[in-house]
Amino acid sequence: MAQNRALSLTGDPAHPYVWVTSALKAASKLPADEVIVQITYSHINHKDRLALDPANKVIPAAAYPRIGGIDLAGVVAVSKHPMWPKGTPVLATGFDIGITRDGGFAEYCQLPIRYLVQLPDHLSAEQAMQMGTAGLTAGAALAEMFRNPRLVAKDSPLLITGGHSDVARIAAGILHHRGFTNVTVNTNHHWPAPSRPLAHAKYAAVLDTVGGDALSHLLPQMMPNGAVLAVGNLGEGRLDTSIFPFILRGVRLIGIDSVHLPISDRAEIWQLLATNLAPQPFPPHTTIPFAELPNALRSQVPTPLTAVQIAH
Ligand SMILES: NC(=O)c1ccc[n+]([C@@H]2O[C@H](COP(=O)([O-])OP(=O)(O)OC[C@H]3O[C@@H](n4cnc5c(N)ncnc54)[C@H](OP(=O)(O)O)[C@@H]3O)[C@@H](O)[C@H]2O)c1
């Protein structure tokens, strides 16, 4: 019987992970609407790092020990489903993967077919996992922005916050590929609190990964009918605002949630990430072997866009 080697998160911050090996479930015991994926690549996500410490509440305390990894790509290894036959290249991100269901830091993973996205033709599993959930999130946010014709003038003043994050790096690459010429990438960690409900109107659209003071500071600076794509909380979860940017400038605050994104939207966005919304040039990225995953997860200086090679 095939064995599954995996990195299990313990829930003990002093010893946060342990390598485990278990027997793979027999094909006869697999439900008809689930498959076993042989993983070739995973990705190190912001959430995967936070999940090392239960105090961050990414994984509920009762759900440890848990095989981590919210993102994975590979091929269907065991399936009874005609739409997802053995050998189909797939990827899966978000939902409860690596949170309350075992995830991608493993050689194999059992998943419901409703989680699966077929790997697009022009994207390798390695490239997909260099982007991971961060890529899906950047793609979902910008696809939302591109739906508004008033925001898509190539010289519209656009701002990306948390500029060193994976989401921001990928978003900047996508906007560069699409020919946007007036994009500011901001890496500030500290933002002044807003002094007035409305300030000088500077930005047509903001992709914000910081939240807290950044989002509070930027809402009064939005141009009429501008849009803020609220993606993350690298800073804080709090938001200090007034009603005035919304009722006097028609500003739209649009939340992006890649975890619960409908599967049809995921398939479309991954297809776009492989083609029209491919970040170009592709931001600095790296691929590490599976054995180096523990050190990379605990690194105080995370490398951007990191794929984990599980198998060839
Ligand atoms: N809505 C969704 O579905 C979704 C999906 C994915 C991620 N997110 C969120 O989006 C954010 C970015 O995620 P990610 O995976 O791209 O992160 P990441 O790659 O892990 O980015 C971490 C980097 O962000 C920078 N940073 C840390 N704190 C910051 C702060 N207060 N202000 C500005 N920059 C800060 C740091 O670089 P420097 O120290 O060099 O600046 C850090 O190395 C996170 O809040 C994450 O939870 C949301």
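What you are looking at is a predicted structure, and each value in this text was computed from that prediction instead of being measured.

1. Some thoughts on the site of the ligand
Around the ligand, the surrounding shell holds 24 residues, and the nearest of these are His46, Ser165, Asp166, Gly232 and Ser258. Listing elements by their share of the shell around the ligand, those giving two or more residues are α2 (125-146) and α3 (166-177). Of the residues that constitute the shell around the ligand, the class distribution is eight nonpolar, 14 polar and two charged. When residues of the shell around the ligand are assigned to domains, at least three fall in each of domain 1 (3-119 + 282-309) and domain 2 (134-255).

2. Notes on the domain arrangement of the protein
Annotation of the protein at the domain level lists domain 1 (3-119 + 282-309) and domain 2 (134-255). With six residues of domain 1 at the contact, the number on the domain 2 side is six residues. Taken together, the residues that form the side of domain 1 that touches domain 2 break down as four nonpolar, two polar and no charged.

3. Section: the sheet that holds strand β4 (residues 66-67)
Taken in spatial order, the three strands of this open sheet run β2-β1-β4, and their pairing is antiparallel. On the outer flanks of this sheet lie β2 (17-23) and β4, each paired with one strand and no other. Bridge analysis of strand β1 (residues 3-9) against β2 gives seven bridges, and the strand direction is antiparallel. What sits directly across from Ala6, in β2, is Val20.

4. Re the packing of α2 against α3
Contact pair α2 / α3: the axes reach a minimum separation of 8 Å and the direction vectors enclose 50 degrees. Here α3 runs oblique to α2, going by the angle between their axes. Classified by chirality, the crossing of α3 by α2 is right-handed. Across from Met131, Ala134, Gly135, Thr137, Ala138, Ala141 and Leu142 in α2, the residues of α3 making contact are Asp166, Val167, Ile170, Ala171 and Ile174. Along the lines of polarity and charge, the residues of the contact of α2 with α3 split into nine nonpolar, two polar and one charged.

5. With respect to the nonpolar core
Counting residues in hydrophobic clusters, the biggest one holds 84 residues, and the most contacted among them are Val37, Ala141, Ala171, Val228 and Leu229. A per-element tally of this core places α2 first, with 11 residues. Counting contributing residues, this core receives three or more from each of domain 1 (3-119 + 282-309) and domain 2 (134-255). Among all residues touching Ala171, those that are not within four sequence positions of it are Ala138, Ala141, Leu142, Ile160 and Leu207.

6. What about the UniProt feature "domain: Alcohol dehydrogenase-like N-terminal" (unreviewed entry) in the protein?
Under the local residue numbering, the UniProt record ascribes the feature "domain: Alcohol dehydrogenase-like N-terminal" (unreviewed entry) to residues 32-121. Strand forms 36% of residues 32-121 and helix 6%; the C-alpha atoms that close the span are 26 Å apart.

7. Some thoughts on helix α6 (residues 263-274)
Its 12 residues give α6 an end-to-end C-alpha distance of 17 Å, which sits within 8% of 16 Å, the value for a rise of 1.5 Å per residue. When α6 is considered as a whole, its buried residues turn out to be Arg266, Ile269, Trp270 and Leu273. Axial view of α6: buried residues confined to an arc of 100 degrees, hence all on one face. Where α6 is buried, its residues contact β6 (89-93), β8 (117-118) and α2.

Calculation notes
- Residues numbered from 1 in each chain as written.
- Predicted model: local features only at pLDDT ≥ 70, side-chain atom pairs only at ≥ 80, totals over all residues.
- Near = placed C-beta within 6 Å.
- Helix = DSSP H or I, 4+ residues; strand = E, 2+ residues; numbered from the N terminus.
- Nonpolar A, V, L, I, M, F, W, Y, C, P; charged D, E, K, R; others polar.
- Domains from an automatic or database assignment.
- Contact = placed C-beta atoms within 7 Å.
- Pairing = 2+ DSSP bridges.
- Axes fitted to C-alpha atoms, helices over the stretch in contact; angles between N-to-C directions.
- Parallel < 35°, antiparallel > 145°, perpendicular 65-115°, else oblique.
- Left-handed = near helix turned anticlockwise from the far one by under 90°.
- Core = buried A, V, L, I, M, F, W, Y, C linked by C-beta atoms within 7 Å.
- Buried ≥ 20, exposed ≤ 12 C-beta atoms within 10 Å, placed from the backbone.
- UniProt positions renumbered as here; feature names shortened; annotations may be inferred.
- Expected span 1.5 Å × (residues − 1).
- Arc of directions from axis to C-beta.

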